[in-house]
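Residue-level listing of the chains:
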Amino acid sequence: MSSTIPSELRYTETHEWVRSQEDGIVTVGITDYAQHLLGDLVFVELPEAGRVVTAAEGCAVIESVKAASDVYSPVDGVIVEVNELLADNPELINQDPYEEGWILRIKTSADMEGLLDAAAYELIAIDEDEDEEGSLTNSKLAG
Amino acid sequence: MPFIPHTLDDVRVMLDTIDVPALETLFDEIPPSLRISELPALPDALTEWQVSRLMTERAAELSQPLCFLGAGAYEHHIPAAVWEIAGRGEFYSAYTPYQPEASQGTLQVLYEYQSMMAGLTGMAVSNASLYDGASALAEALLMAVRANRKSKSKRVLVPRTLHPFYRKAVRSIVHNQDIELVTLPYDPSGGHTLKEALVPYAGQDFAALVIPQPNFFGVLEDVDELTDWAHRHDLLAVAVVNPTTLAVLKPPGEWGRTGADITCGDGQPFGSPLNSGGPYFGFLCCRKELVRQMPGRLVGRTVDLDGKPGFTLTLQAREQHIRRSKATSNICTNQGLMVTAATLYLSLLGPHGLEQVAAICHANTRMLVELLSAIPGVSQIFNRPMFHEAVLKLPHPASEILDGLLARGILGGFDLSSEYPELGNALLVCATETRTEADLRQYAEALAMMV
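Residues numbered from 1 in each chain as written. Chains lettered and ligands numbered in written order. Predicted model: local features only at pLDDT ≥ 70, side-chain atom pairs only at ≥ 80, totals over all residues.

(A) Representation of the nonpolar core within the structure. Grouped together as the largest cluster of nonpolar side chains are 119 residues, with contacts concentrated most on Leu141, Ala144, Ala208, Leu209 and Val238 of chain B. No other element matches the 15 residues that helix 10 (residues 336-373) of chain B contributes to this core. When residues of this core are assigned to domains, at least three map to each of domain 1 (66-74 + 350-450) and domain 2 (80-343) of chain B. Non-local contacts of Val238 of chain B, meaning those with residues more than four positions away in its chain, are made with Ala140, Leu141, Ala144, Ala208, Leu209, Val210, Ile211, Ala260, Asp261 and Ile262 of chain B. Counting residues in each nonpolar core, the second largest holds 33 residues, with Val18, Val26, Tyr121 and Ala125 of chain A among its members. (Core = buried A, V, L, I, M, F, W, Y, C linked by C-beta atoms within 7 Å. Buried ≥ 20, exposed ≤ 12 C-beta atoms within 10 Å, placed from the backbone. Helix = DSSP H or I, 4+ residues; strand = E, 2+ residues; numbered from the N terminus. Domains from an automatic or database assignment. Contact = placed C-beta atoms within 7 Å.)

And the structure:
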């Protein structure tokens, strides 16, 4: 599966991308690879601005026709803004995951060096692609 | 779908396949302190013949008293066709089906049920049912706490006029989730929750207000006022209703200026007989905006590849088979059989039939109260309008009078003394459409002889 992995962004192993701005605010979304795996998104549950989050904490939920997944905060910080447009237009994440489909903004003093660069993230995506059951599609129907 | 148990050989093959030595090993993650190895209180197993004999003997001990007991479960006439149809093999399951390609009939019944409940309550959405009224209320409150983003407190206002068993069941379910229930007093003359009782809580942080209609005393609450108060103070309004009343009273979706947010209750009056306490079912309905916080099964209508209408489970990402520990609740099933009976009951009665049932219940209870309170020493305690239950003051303890009535073949009501000692010798009585005028007079004559 081919997907875009912009070189100027940072990434997490859980498929979030991170764009840093000068004022200590980072924008977070899910990668093109992740939106491909999830399929058509039908709902995004957004957190409230002002919430304090720690790295790897679940802070939003994205629901597609085949699975529901958490979005994990890539850094410690405070959520300062969420993409309200997603409430009515979750498909923005499918259409434009790196721009219009951003999910939230976090004010943080964390160092971006702890996150993956594009090359390292690409290796993870390739790895998961080879595994038939990618981690994002593990949610199956059961009793 | 037949139930086929595993043989010991099947189990062995499965364990070998996953390379696990014994079934026990699979339960390792449950701490030993939580596990019970023996159940000493359980007697030895009996044979089918022995069980059958025991039950026959016990059944013979049961009388068929004239029932004036309500208090949350009500004797109604159930048309014979209801259980004749619900008992058919095609419907005889409590479970919601995953495979729409094999289960269109069951799914359509659930969809029709949801449509009827949404219509009766005036709410946008109904789930496919929960276990009973009390657990439905607990789920409604968990839902309200999750959904009310203006509230951080996890506190809920619960009137003392709510069924005491509901208050206990709700407390059991929610207190481990740090939800605090704050009790509201009732007006001693009206038996309802006064707006003044809410005043001390204005400006404090609460997630929801519970509004029972009718309340445990049978009394009608000022639902419009209570709903509007809740909304004015950023609380969600959670309605607990007797579904029979919805044929004659304003549906919760129309309470106050904008309607209740969540409506729940026990569905027993719709086709479930009084089988020593169950099984019954709970219903849960809500506004559209809250649907993703709603627990339980939801059946939706859609079209297949050829454009033909069909039914399927929907919005399953809320549920634990998808979301695991982050699901809206651990409820992953419904009371399919009781709901099938309810759907048939409502279909057979129709809106007019249900309205007649509700009207006769009300008229019978009014007549009962009139007959009983004509007896010296007996009087009605609350002066507010009621539905089909009322509280009577007696000259002697209710328990003594109930024993005497039972000896005369009458199940006289619910003794309120342990739950509401402040009311003194108080008895909650009920007369549904199944009571005739002769029944009411029989009760009055029996009571007159005892007081």
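Let's pick the thread back up.
(B) Expanded view of the sheet that holds strand 14 (residues 414-415) of chain B. Residue and element names in this part refer to chain B. The four strands lie next to each other as 11-12-15-14, forming an open sheet whose pairing is antiparallel. Two strands close off the open sheet at either side, each with one partner strand: strand 11 (379-380) and strand 14. Summarising the sheet, strand 12 (residues 389-393) and strand 15 (residues 426-430) pair through five bridges and their orientation is antiparallel. Pairing of Ala390 across the sheet is with Val429, part of strand 15. Those strands touched by helix 10 are strand 11, strand 12 and strand 15, and its axis lies near 10° from that of strand 12. (Pairing = 2+ DSSP bridges. Axes fitted to C-alpha atoms, helices over the stretch in contact; angles between N-to-C directions.)

(C) Broad picture of helix 4 (residues 104-121) of chain B. Residue and element names in this part refer to chain B. In this model helix 4 runs 25 Å from its N-terminal to its C-terminal C-alpha over 18 residues, within 8% of the 26 Å that 1.5 Å per residue would give. What helix 4 keeps buried is the set Thr106, Leu107, Val109, Leu110, Tyr111, Tyr113, Gln114, Met116, Met117, Leu120 and Thr121. The inward-facing, buried residues of helix 4 abut strand 2 (125-126), strand 7 (262-266), strand 8 (282-286), strand 9 (299-303), strand 10 (309-313) and helix 10. Positive backbone phi, at 70°, marks Gly122, one or two positions downstream of helix 4. (Expected span 1.5 Å × (residues − 1).)

(D) Spotlight on the pairing of strand 6 (residues 58-64) of chain A. Residues and elements named next belong to chain A. The element strand 6 is largely enclosed, with a buried count of five among its seven residues. Note that strand 4 (residues 41-45) and strand 6 share four bridges and pair antiparallel. Directly across from Glu45, in strand 6, lies its bridge partner Val61. As paired strands, strand 6 and strand 7 (residues 68-72) are joined by five bridges and run antiparallel to one another. When the bridges of strand 7 are listed, Ala60 appears paired with Val71. Connecting strand 6 to the next strand, strand 7, in antiparallel fashion are three residues.

(E) Representation of the confidence of the model for chain A. When pLDDT is averaged along chain A, the result is 87, and 89% of the positions lie at 70 or above. Counting contacts from residues 132-143 of chain A, a segment whose pLDDT is below 50, to residues more than four positions away or on other chains yields 20 contacts. (pLDDT = per-residue confidence, 0-100.)

(F) How the structure looks around the environment of Ser63 of chain B. Residue and element names in this part refer to chain B. Among the structural elements, Ser63 can be located in the loop between helix 2 (48-61) and strand 1 (66-67). For Ser63, a count of 8 C-beta atoms within 10 Å gives the class exposed. Counting along the chain gives 220 residues from Ser63 to Phe283, while the straight-line C-alpha distance between them is 31 Å.

(G) Quick peek at the domain arrangement of chain B. Residues and elements named next belong to chain B. Segmenting chain B into domains produces domain 1 (66-74 + 350-450) and domain 2 (80-343). Listed by contribution, the elements that provide at least two residues to the side of domain 1 that touches domain 2 are helix 10 and strand 12. Per-class residue counts for the side of domain 1 that touches domain 2 are 16 nonpolar, three polar and four charged. (Nonpolar A, V, L, I, M, F, W, Y, C, P; charged D, E, K, R; others polar.)

(H) Structural detail: unusual backbone geometry. Residue and element names in this part refer to chain B. Along the chain, Gln213 connects to Pro214 via a cis peptide bond; the corresponding omega equals -10°. Along the chain, Pro214 falls in the loop between strand 5 (208-213) and helix 8 (223-232). Between Gly278 and Pro279 the backbone carries a cis peptide bond, its omega angle lying at 5°. With respect to the helices, strands and loops of the structure, Pro279 is situated in the loop between strand 7 and strand 8. A positive phi angle, near 60°, is found at Asp19, a position not held by glycine. If you trace the backbone, Asp19 turns up in the loop between helix 1 (8-17) and helix 2. Judged by the 6 C-beta atoms lying within 10 Å of it, Asp19 is exposed. Even without being a glycine, Ser276 presents a positive backbone phi close to 50°. For Ser276, the location among the structural elements is in the loop between strand 7 and strand 8.

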